[in-house]
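Fold and geometry: a report
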Amino acid sequence: MSKSKRQLSVGRPTMMDVAAAAGVSQATVSLVLSGTKGARLADATRGRVLEAAQALGYRFVRRGTKAVPGGQSTIVFVADETSTDPWMSLAFEGARDKALEYGINVLMAVSHGDADVETNIVAGLGKLPILGLIYGTILTRLVQIPVALADRRIVLVNCYDEHREHHSVLPGDLLGGRTATEHLLLYGRRRIGFINGQQGVDAARDRLKGYKQALASNDIAFDPALVRPGNWEPSSGYEMTLELMALDNPPDAIFCANDMMAVGCFDALKQLGAIVPDDVAVIGFDDRNIAQYMHPPLSTLVLPLYEMGRTAAELLIDAAGGLHTTPSRIKVECELIARGSTARRRLDDAEATVAAR
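A few points on the structure. Counting restarts for each chain: residues are numbered from 1 in the order of the written sequence. Per-residue local features of the predicted model are confined to residues with pLDDT of at least 70, and side-chain atom pairs are confined, for both listing and counting, to 80 or more; whole-chain, interface and lining totals are unaffected and use all residues. As a convention, hydrogens and water are excluded, and side-chain values are obtained from all of the structure's heavy atoms.

Here we look at unusual backbone geometry
Cis rather than trans, the peptide bond between valine 276 and proline 277 has omega equal to 5°. Within the secondary structure layout, proline 277 lies in the loop between helix 10 (259-272) and strand 9 (281-283). Although it is not a glycine, tryptophan 232 sits at a positive phi angle of roughly 80°. Only runs of H or I of at least four residues qualify as helices and only runs of E of at least two qualify as strands under DSSP, and these elements are numbered from the N terminus. Turning to its location among the elements, tryptophan 232 is positioned in the loop between strand 7 (227-229) and helix 9 (234-245). In this structure tryptophan 232 comes out as buried when scored by relative accessible area, which is 14%. Unlike most non-glycine residues, aspartate 286 shows phi in positive territory, near 115°. Locating aspartate 286 in the fold gives a position in the loop between strand 9 and strand 10 (300-301). The exposure class of aspartate 286 is buried, given its relative accessible area of 5%. Using a 1.4 Å probe on the protein chains alone, a residue whose accessible area is under 20% of its type maximum counts as buried, one over 50% counts as exposed, and one in between counts as partly exposed.

Right under this line is the structure:
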C-alpha cells in the first residue's frame, strides 16, 4: 500500500486517512467498511479500501443501537421528478436504508419543481415529528429553496444553493469524466471522440472538463473536432457518431456522456460496419441497467445516487443529533465499471510510451 498523497492525521487514523490512501471518497470508505448492501462498488475498490484500512490500523466503529435524535422519527424526501429517470428513486432508497438503521422513517413527495406544491407539502406535514428534509433534483443544478422550506433542517441531493447555506451531496462528474477518458487512454486509444449532453447542464460541463483534463495530463492536444453536442438521448448518440466517423481522421474511441447516447453510438457503429471494441472502443456514463445487456456490455461509470442518498440522510441525522458543521459540497465518486466495450488488450508501460509518440 502506497503512502497517502497527503499527510496523515496525527494520532489515531481517521476515515479521511483511509480515503486518501485508497484514492476514494470518504463516502466510499463508509460504504465498504459498514458492509452496506445495495452499494454498487467494484471489487477492486473494496479491496483497496480494506487494504488501506488494515495498513493504517483503522478500526471502523459501529454505532450499535441507534437512537432517534430528539424523538424525531421522520425524514421527508422532496424530489422534483421520479418518473423520467431512476435517479431520485435511487437516492430515496439510499436515504431510507440509512435512516432505517436509526429507526427513522423516510417519506417521499414529488413536487415537479413547483414551489407552491413544495409549500403545500410542508404545510401538510402537520404535527409529524419531522427530523428534517432532503431536497433532491433529477438534474445536477443550482436551486433556490422555497421560503416555506428554508427554516427547516435541509440537505440537498444532486443540487446546490448559491450561498452554501445547506449541505449538498453531488456526483463527482468532473473526476468521472477524467476517469472515463483515462480508461480509454490506458487501453491504447489516442484519438478519443466525446459526445456531450445537453448544453448548459452541470453534468455536461463537468464531464467535458474531466475529458479535457485527462487529455492534457497525457500530453494529448485537445481537438475541438472530436467533441460533438448531444441531448442525452440515443438519437443524438447515433447522429453524432456518424459525424465523428466521417472525419478524415476518425476516432478510435468514443466517450458518450451518458449510456443512452452510447446506445445510439452502438447502432451507428454497427451500421458503418465498425466492431466494438476492436475498431472503436466506447464508454458511457451513469451505469443504467441497459449497459450490462448491450453487445458487447458497455463500460461506464456509476452515477452514485444511492450512495448520495445515504450520505444525505447521515448528514441530516448527525445535524439533528447535535453535530453542527459548516455546510459543505460533498462530491461522491463515480465508480468505473469496465466491461467488454473497451476491453482491447491493455498496453504495458513500454508499449504505452511508444504509442504516445
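Once you've had a look at it, read on.
Focus: the pattern of salt bridges
What counts as a salt bridge is simple: a side-chain nitrogen of Lys or Arg found within 4 Å of a carboxyl oxygen of Asp or Glu. All told, the structure shown has 13 salt bridges when counted by the stated rule. For glutamate 101, the salt bridge is made with arginine 310, and the minimal N-O distance between the two is 3.1 Å. Pair noted here: glutamate 101 is in the loop between helix 4 (87-100) and strand 2 (105-110) and arginine 310 is in helix 11 (residues 305-320), with a separation of 209 residues, a long-range link. A single salt-bridge network, built from bridges that share partners, covers Lys98, Glu101 and Arg310.

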